[in-house]
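# Topology and contacts: notes
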Amino acid sequence: MRVLMFGWEFPPYQAGGLATATVGLVTGLLRTGVEVTLVVPFPADESILPGFRLVSADGPAESLRVHRIPSPLGPYDGAERYTEVFERIQSRRPIGSRAVYGAHLFEEVERFAALAGGIAAREPHDLIDTHDWISFAAGLEAQRVSKKPLVAHIHATEYDRSGEGGNPEIHRREREGLSAATRVISNSHVLKRQVVERFGVPADKVDVVHWGIGDDRTPPPSPAPSPFPPDVPVVLFLGRVTRQKGPDYFLEVAGRVSQFNTAAHFLVAGSGDLLPRLMMRAADLGIAHRVHFTGGLHGADVDRAFRMATVCVMPSVSEPFGLVALESLRAGTPCILPKTAGVAEVITNAFKVDFWDVDDIANKVVALLRYPVLRDHLSDLGLQELATERFSLEEPARRTRDAYQRAIEWGGIRG
Amino acid sequence: MTREICLYAQVHQPYRLRRFRVFDIGTGAGHFDAQQNRDILRRVAEKCYIPTNRLLADLIRKSDGRFNLALSLSGVVLEQLADYAPEALESFQALADTGGVEFLGETYYHSLAGLADLGEFKTQVLRHRQLIEHRFGCRPEVFRNTELIYWDELAPTILELGYRGALVEGADHVLGWRSPNFVYSAASAPALRLLARNYQLSDDVGFRFSQRSWGGWPVTAEKYADWIVSSPGDSAHLFLDYETFGEHQWAETGIFAFLERLPSACFDRGLKFVQPKTLVRRQPVAPLSFARPTSWADAERDVSAWLGNRLQDAAHQRLYAVREAVLRSGQPQLMEEWRRLSTSDHVYYMCTKYFADGDVHQYFSPYDTPYDAFVAFMNVLQDLEWCAKAEAPEVRMAG
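Right, let's walk through the structure included here.

Criteria and thresholds
- Residues numbered from 1 in each chain as written.
- Chains lettered and ligands numbered in written order.
- Predicted model: local features only at pLDDT ≥ 70, side-chain atom pairs only at ≥ 80, totals over all residues.
- Heavy atoms only, no water.
- Helix = DSSP H or I, 4+ residues; strand = E, 2+ residues; numbered from the N terminus.
- Buried < 20%, exposed > 50% of the residue type's maximum accessible area, 1.4 Å probe, protein only.
- Contact = heavy atoms within 4.5 Å.
- Areas by Shrake-Rupley, 256 points an atom, 1.4 Å probe, with all protein chains shown as cover.
- Axes fitted to C-alpha atoms, helices over the stretch in contact; angles between N-to-C directions.
- Parallel < 35°, antiparallel > 145°, perpendicular 65-115°, else oblique.
- Left-handed = near helix turned anticlockwise from the far one by under 90°.
- Nonpolar A, V, L, I, M, F, W, Y, C, P; charged D, E, K, R; others polar.
- Buried area = accessible area lost by both parts, 1.4 Å probe.
- Salt bridge = Lys/Arg side-chain N within 4 Å of Asp/Glu carboxyl O.
- Polar contact = N/O pair within 3.5 Å; in protein donor to acceptor, adjacent residues only side chain to side chain.
- Pairing = 2+ DSSP bridges.
- Right-handed = clockwise from strand over helix to strand, strands pointing away.

### Considering the overall build of chain B
Across its full length, chain B carries 19 helices and 10 strands. Of all 399 residues assigned to chain B, the portion counted as buried reaches 62%. Pairs at least 24 residues apart make up 76% of the contacts formed inside chain B by residues separated by at least 6 positions. Here chain B has roughly 15300 Å² of accessible surface; of this, 51% comes from carbon and sulfur atoms.

Right, here's the structure in full:
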């Protein structure tokens, strides 16, 4: 089976979990014998590719082809990490020239799509896979040329990113891609429900494939240096500092926890438009000296943050999946996650909360800091759980391959 | 070939905790969720206790006492019945008035005190005996510990407390090739008789009754009576949760129709109903030795459903570590609260065995996860400990 895949984020051009998910999915697909031609709009990180070759002894990495489309965006000269947030992009303020979602985003998307037809004509493939609205246009153009079945992979919608006040053009493109696709793959049941209810996609057209994470990433250089003494508890928020991820709830939790644990420090790892407000709020709460803002983290620093944390809190307002929870558990750090997150459908050994219930979250953080036995237990069972097949890279890849197969069969039926 | 049936059922409901958060510590907020406990008790009373009591009383009367059984009610369920569903308590008393029910002894709080503190264990057993005498006018002669937890070291204490026999699990690792359908004696206290649960026949009703995927389904009273007769031994000991009738197995499964037909199906096959107090007067066939605590729970038949992970161990140890401090406070209501915390259900909710499979443990839990159970319990315990310290006589004198 040969897949022509259109992505957007790919290391080092990464604003969030989409890059991590794409790398994981492609790695898994190659291991399950699917040939992948990945097309991304940025120069891909060379260091990622040899890494793939290393982990696959029987050498399926040869079947990975990454097309680099010449881009006005500058070449890679230093990682732009967890870059600018989507809301800022919408306001079209000029931002860094290497941003994943640049100032002229729709033009970039169109240019990407214009090149997709040519690639589809050249590259032999059995179906087309696209990731979120940003590559839907490219997928549609490729399909117009090759007439192959189109799969729309959905990781998040504009409703998740921006609530009800999203960009109407993005909504339009999401609807167009989802309805034109032969099949849709959603990363959780909660997101599938949204796709069905908000976009009118028939439920039987949507397959749910939860993400895996795998355990073969190169471990960070150990011992990971931490700025905190070993007896200082660290409570971590990691993610974009935007409305969707609920960093403001995290700060309210920090205020409450600090009343019970005078030693605890709080780490806000990520960047985004809510940062200034958060810093003001930390000062108001009288805990400015104990809340640390790291900005966006990348690569080994992400692992380092998880490892120095005593507990990771994820108060996301909307979280179609929530890969951060898996990354936290893989680092052995217990995680508090929202009940409504996609990841809550598959993880059992974690606290599950209402993102707005800051008293409840604080109560759980205090307990985790107070009782090492609770921490150790969650850490051990979390690691055990992650070691099961469903969280591997292969299992989601196999399910994706099955979904591809259905798309090919459906495509055949529809002619 | 078995000729007798000994039917016994356990009635128990814990005092469930409020969602007690760290912010509630020291505020004087209550520890128990009266609303939830009332709602659950009333629901179970309506679905199980009242209809089952009525049916059993009818069956006893119609058979002139040839049909009979044994029950045990924990002290905490009796208290809740009196407070929340007095009509259900009356129906238990009406059932007792038929003369066909033997009441067994247990710990008042359905606790694990036997595993932790024998002094506390004795206190709770004696309090339970007083309550049963008060409510039902009879004195238990046979003992069943919480969840049938029993091991050799407990036997002398049970005997010392005045019981002739105890109910135990007919676990494979204890019985080996032997049938549970005999009266045994305790190896560590030969005067104590042991009645071993026939888990196969008991679970056919308790767990498998409504399982359509099971080869034995559907279980009719006639088929079940045939199984009992063909089971090797003298007397089949069928020990169940009382909530099996109407709660674990809903009325729609046909469980009440099964129970209604069971006595006549048994009489037709020459089977007799016999109570524990009668059996423990018989000569035992052999001694049984339980090297480690054995219970009727899970495939392991050990105590790992309550003390099987570090959270449960930590909570259990902390509970008994603060007992002295609570006692010293001289405040009876604090000791009462401490004892309600000793109810085994609280640590059962922290069980993570098979948690990932979403099994039976979670079905009975009022919490989203075992971790929530741990946090609520530890917060309450912390609050209780600080209340006790504040009330301690020496502190008051110093103040």
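### A look at the packing of helix 4 (residues 105-122) of chain A against helix 5 (residues 132-146) of chain A
Residues and elements named next belong to chain A. The interhelical angle for the contact between helix 4 and helix 5, taken along N-to-C directions, is 30°, at an axis separation of 7 Å. Taken together, the axes of helix 4 and helix 5 are roughly parallel relative to one another. Where helix 4 crosses over helix 5, the two elements pack in a sense that is right-handed. From helix 4, L105, F106, V109, F112, A113, A116, G117, A120 and A121 reach across to helix 5, where they touch W133, I134, S135, A137, A138, E141, A142, V145 and S146. In terms of residue class, the contact of helix 4 with helix 5 is built from 14 nonpolar, 3 polar and 1 charged.

### Digging into the interface of chain A and chain B
Across the contact, 25 residues belong to chain A and 21 residues belong to chain B. Of the roughly 2000 Å² buried where chain A meets chain B, counting both sides, 63% is carbon and sulfur surface. On the chain A side of the interface with chain B, the three residues burying the most area are A:N363, A:Y371 and A:H377, jointly 28% of the side's total. The tally of links from chain A across to chain B stands at 5 salt bridges. In this structure, the salt-bridge partner of B:D368 is A:K339, at a minimum N-O distance of 3.9 Å. Across the chain A-chain B interface, the total number found is 7 residue pairs in polar contact (both at pLDDT 80 or more). Within the residue set of the side of chain A that touches chain B, elements represented by two or more residues are helix 9 (247-260), strand 13 (351-353), helix 13 (358-370) and helix 14 (372-386) of chain A. Per-element tally for the side of chain A that touches chain B: the top contributor is helix 13 of chain A, with 8 residues. Class assignment of the residues belonging to the side of chain A that touches chain B gives a composition of 11 nonpolar, 4 polar and 10 charged.

### Observations regarding unusual backbone geometry
All names here are of chain B. A cis amide bond links W217 with the next residue in sequence, P218, at an omega value of -5°. Tracing the sequence through the fold places P218 in the loop between helix 8 (199-206) and helix 9 (221-230). One non-glycine residue, E147, lies in positive phi territory at about 55°. Of note, E147 is situated in the loop between strand 4 (142-143) and helix 6 (155-160). Overall, E147 belongs to the buried group, its relative accessible area being 15%.

### Re the pairing of strand 5 (residues 165-169) of chain B
Residues and elements named next belong to chain B. Burial analysis of strand 5 places 5 of its 5 residues in the buried class, the great majority of the element. Side chains G165, L167 and E169 project from strand 5 onto one buried face, and the interleaved A166 and V168 project onto a second face that is buried too. In this sheet, strand 5 lies alongside strand 4 in parallel orientation, the contact comprising 2 bridges. Paired with V142 across the bridge in strand 5 is G165. Where the polypeptide runs from strand 4 across helix 6 and back to strand 5, its parallel neighbour, the crossover connection is right-handed.

### Observations regarding the pattern of salt bridges
All names here are of chain A. By the definition in use, this model includes 55 salt bridges over all chains. Ionic pairing is found between R173 and E110, a salt bridge with its closest N-O pair at 2.7 Å. One end of the pair, R173, is in helix 7 (residues 168-180); the other, E110, is in helix 4, with 63 residues separating them in the sequence. According to the relative accessible area criterion, R173 is buried, its value standing at 8%. Among the residues examined, E110 registers a relative accessible area of 41% and is labelled partly exposed.

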